[in-house]
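Inside the fold
Spelled out, the chains give:
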Amino acid sequence: MTDTDRSVDAESTDPSDSGPLSADADPEEVPEFGDLSTLQRAFVAAAQNPSRGLLVVGLFAFALAFYAAFWLSFPRAAGLLSAVAAIVAAVAALTYWLLDRISR
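All values reported here derive from a predicted model rather than from experimental measurement.

**Some details on the overall build of the protein**
When you go through the protein residue by residue, the secondary structure sums to 4 helices and 0 strands. Mapped from its N terminus to its C terminus, the protein presents α and β elements in the order α-α-α-α. By residue count, 3% of the 104 residues in the protein fall in the buried class. As presented, the protein carries roughly 9,400 Å² of accessible surface, and 68% of it is formed by carbon and sulfur atoms.

**A word on helix 3 (residues 50–73)**
Helix length check: helix 3 (24 residues) gives 35 Å between terminal C-alpha atoms against 34 Å at 1.5 Å per residue, within 8%. Among the 24 residues of helix 3, 0 are classified as buried, and the element is accordingly described as predominantly exposed.

**Some details on a nonpolar patch on the surface**
Together, L94, W97, L98, L99 and I102 make up a nonpolar patch on the protein surface, roughly 550 Å² of accessible area in all. Along the chain, the position of W97 falls in helix 4 (residues 75–103).

**Quick look at the packing of helix 3 against helix 4**
To describe two helices that pack against each other, one gives the angle between their axes and the distance between the axes. For the pair helix 3 and helix 4, interaxial distance at closest approach is 5 Å and the crossing angle is 125°. On the basis of the axis angle, helix 3 is oblique to helix 4. On the side of helix 3, the interface is formed by Y67, F70, W71, L72 and S73, while helix 4 contributes P75, A77, A78, G79, L81 and S82. Counted by class, the contact of helix 3 with helix 4 contains 8 nonpolar, 3 polar and no charged residues.

**Regarding the packing of aromatic side chains**
With the rule as written, the count across this model stands at 2 aromatic pairs. Ring geometry for Y67 versus W71: centroids 6.3 Å apart, planes at 80°, classification edge-to-face. Remark: W71 and Y67 occur in helix 3; sequence separation between them is 4 residues, near one turn of the helix. Relative accessible area serves as the criterion here: at 35%, W71 is assigned to the partly exposed category.

**A few points about the confidence of the model for the protein**
On average, residues of the protein score 81 in pLDDT, and 74% of them are at 70 or above. Confidence, read as mean pLDDT per element, is least for helix 1 (residues 21–24) in the protein (58) and greatest for helix 4 (95).

Rules and cut-offs
- Residues numbered from 1 in each chain as written.
- Predicted model: local features only at pLDDT ≥ 70, side-chain atom pairs only at ≥ 80, totals over all residues.
- Heavy atoms only, no water.
- Helix = DSSP H or I, 4+ residues; strand = E, 2+ residues; numbered from the N terminus.
- Buried < 20%, exposed > 50% of the residue type's maximum accessible area, 1.4 Å probe, protein only.
- Areas by Shrake-Rupley, 256 points an atom, 1.4 Å probe, with all protein chains shown as cover.
- Expected span 1.5 Å × (residues − 1).
- Patch = residues over 30% accessible without salt bridge, like charges linked within 9 Å, V, L, I, M, F, W, Y side chains within 5 Å.
- Salt bridge = Lys/Arg side-chain N within 4 Å of Asp/Glu carboxyl O.
- Axes fitted to C-alpha atoms, helices over the stretch in contact; angles between N-to-C directions.
- Parallel < 35°, antiparallel > 145°, perpendicular 65-115°, else oblique.
- Contact = heavy atoms within 4.5 Å.
- Nonpolar A, V, L, I, M, F, W, Y, C, P; charged D, E, K, R; others polar.
- Phe/Tyr/Trp six-rings, centres within 6.5 Å; stacked < 30°, edge-to-face > 60°.
- pLDDT = per-residue confidence, 0-100.

This is the structure in structure tokens:
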């Protein structure tokens, strides 16, 4: 639909005649960045800078390949370091959860 096809009558009830969608958005209803989930934050960041998103995906793929090669070359050391990393991640998650509970 072009601009010349739109109705200029004030009584028009066609939703396509209501104007741009951004005019209908209420600033009070737009969520803050802090209210988004981690996945939503990652999507917003990737949408704002796609080249950085591709770089992060490439680095993640390299890290995954390195981790697999480490397991194949040194399985005992990789197992030990993986266990230590799991413990550190669990302590960090517990700390985050406790701090989140305290802040409420």
